[in-house]
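So the chains spell out like this:
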Amino acid sequence: MRPKIHAHFAMTADGKISTKYLTPSQFTSTADKARIGEIRARHDAILAGRGTVAADTMSMRLSSEILRATRIKQGLPPEPLRVVISNAGKIDPSWKIFQHIGSPIVILSTIRMTQKLRAALAPLCDLHLYESPTVPLPAALGMLRAEYGVKSLVCEGGGALLRSLAAADLLDEIHLTLAPVLFGGAAAPTLTGLPGDFLPKPLAFRLAKMEALGDECLLHFKRKNIRRKIDPHSRTT
Ligand SMILES: NC(=O)c1ccc[n+]([C@@H]2O[C@H](COP(=O)([O-])OP(=O)(O)OC[C@H]3O[C@@H](n4cnc5c(N)ncnc54)[C@H](OP(=O)(O)O)[C@@H]3O)[C@@H](O)[C@H]2O)c1
């Protein structure tokens, strides 16, 4: 059994999640940034790819005292588990995430990680190294549920990780902040990473909620239960 998987992203009106230089995604309002904490607080774990943790210098913490206190009242740990994923195991022990004492950190990676890094990271986090060139997502997610009791997690990016979750049909819900800004750029990533191949199959969602927040639009999509077939090449809507 795997956790329920939510994704939470900010996106420009032209569908970009970052600039072509992969600079931190700080193009939404202060109010939207506060929402990041609210969404984190609802989940047992936060998941991010190696690229995002490095580019956005993430701590993956729940900084709001109120949100931490609410979780404690609910019988939950003060902060969600922090999970970082990397196939190649290029995790830098000097990253901000390791400077913040908070919830435990779990690294999902493979035996491609060097022995030197394994030794440096062992005191800082739980290392789960799979004996395959890439992390087997369903097994790794199942392990989070079985060993850490993660029933729901929120993936905060980036696009490469979201693409792999979508390709394996492992996405249940998407929270999207649509920002009134255009970036352009063929080399700027979208929700599913750099423009490239189609997903193995299109994934259909339904709109569960839509709300305006200042100039931004907050969208909440849920995966459709009926997996109807969609032809990505069809011109009809
Ligand atoms: N607008 C937003 O809401 C938002 C959200 C998040 C990120 N971003 C932006 O997106 C950019 C980063 O994009 P990105 O695509 O490089 O980020 P990413 O998905 O966080 O990082 C890519 C790396 O993560 C690892 N990875 C991804 N999927 C994996 C999987 N299924 N199994 C194992 N490892 C996996 C791989 O690491 P290895 O190469 O080490 O194997 C991969 O190279 C940044 O500019 C960031 O600011 C924007």
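Heads up: the structure comes first, above all this text.
Predicted, not measured: the structure shown is a model, and the values here were computed from it. (Residues numbered from 1 in each chain as written. Predicted model: local features only at pLDDT ≥ 70, side-chain atom pairs only at ≥ 80, totals over all residues. Heavy atoms only, no water.)

Can you walk me through helix 3 (residues 65–73) in this structure?
Three- or four-residue spacings in an α-helix give side chains the same orientation, since the helix completes a turn every 3.6 residues. Restricting attention to buried positions, one finds in helix 3 the residues Leu67, Arg68 and Arg71. Considered in projection along helix 3, the buried side chains sweep an arc of 100 degrees and stay on one side of the axis. Exposed side of helix 3, more than 90 degrees from the buried face: Glu65, Ile66, Ile72 and Lys73 are the residues found there. Tucked inside the fold, the buried residues of helix 3 contact helix 1 (30–41). Two to three positions downstream of the cap, the backbone nitrogen of isoleucine 66 sits 3.3 Å from a side-chain oxygen, assigning the N-cap of helix 3 to serine 64. Taken from the residues just after helix 3, glycine 75 is the one with a positive phi, measuring 80 degrees. (Buried < 20%, exposed > 50% of the residue type's maximum accessible area, 1.4 Å probe, protein only. Helix = DSSP H or I, 4+ residues; strand = E, 2+ residues; numbered from the N terminus. Arc of directions from axis to C-beta. Contact = heavy atoms within 4.5 Å. Polar contact = N/O pair within 3.5 Å; in protein donor to acceptor, adjacent residues only side chain to side chain.)

Sorry if this is basic, but what is going on with the pairing of strand 9 (residues 216–223) here?
Regular strands place their side chains on alternate faces of the sheet. As defined by bridge partners, strand 7 (residues 173–179) adjoins strand 9 across six bridges and the pair is classed as antiparallel. From the neighbouring strand, threonine 177 faces strand 9, where its bridge partner is leucine 218. Bridge count for strand 8 (residues 205–213) against strand 9 is eight bridges, and the pairing is antiparallel. Each bridged residue has a counterpart across the sheet, and for alanine 212 the counterpart in strand 9 is cysteine 217. From the end of strand 8 to the start of strand 9, which pair antiparallel, there are two residues, and glycine 214 there has a positive phi angle of about 60 degrees. (Pairing = 2+ DSSP bridges.)

Honestly, the sheet that holds strand 6 (residues 152–155) in this entry has me stumped. Any pointers?
Strands pair in a sheet through their backbones, by hydrogen bonds, and they do so in one of two ways: parallel or antiparallel. The strand order 5-4-3-2-6-1-7-9-8 describes an open sheet built from nine strands, whose pairing is mixed. Pairing within the sheet leaves two strands with one partner each, and these edge strands are strand 5 (126–130) and strand 8. Each neighbouring strand pair of the sheet contributes to a mean axis angle of 20 degrees, computed without reference to strand direction. Helix 6 (residues 137–148) contacts strand 1 (4–12), strand 3 (81–85), strand 4 (105–110), strand 5 and strand 6 of the sheet and is inclined by roughly 145 degrees relative to strand 5. (Axes fitted to C-alpha atoms, helices over the stretch in contact; angles between N-to-C directions.)

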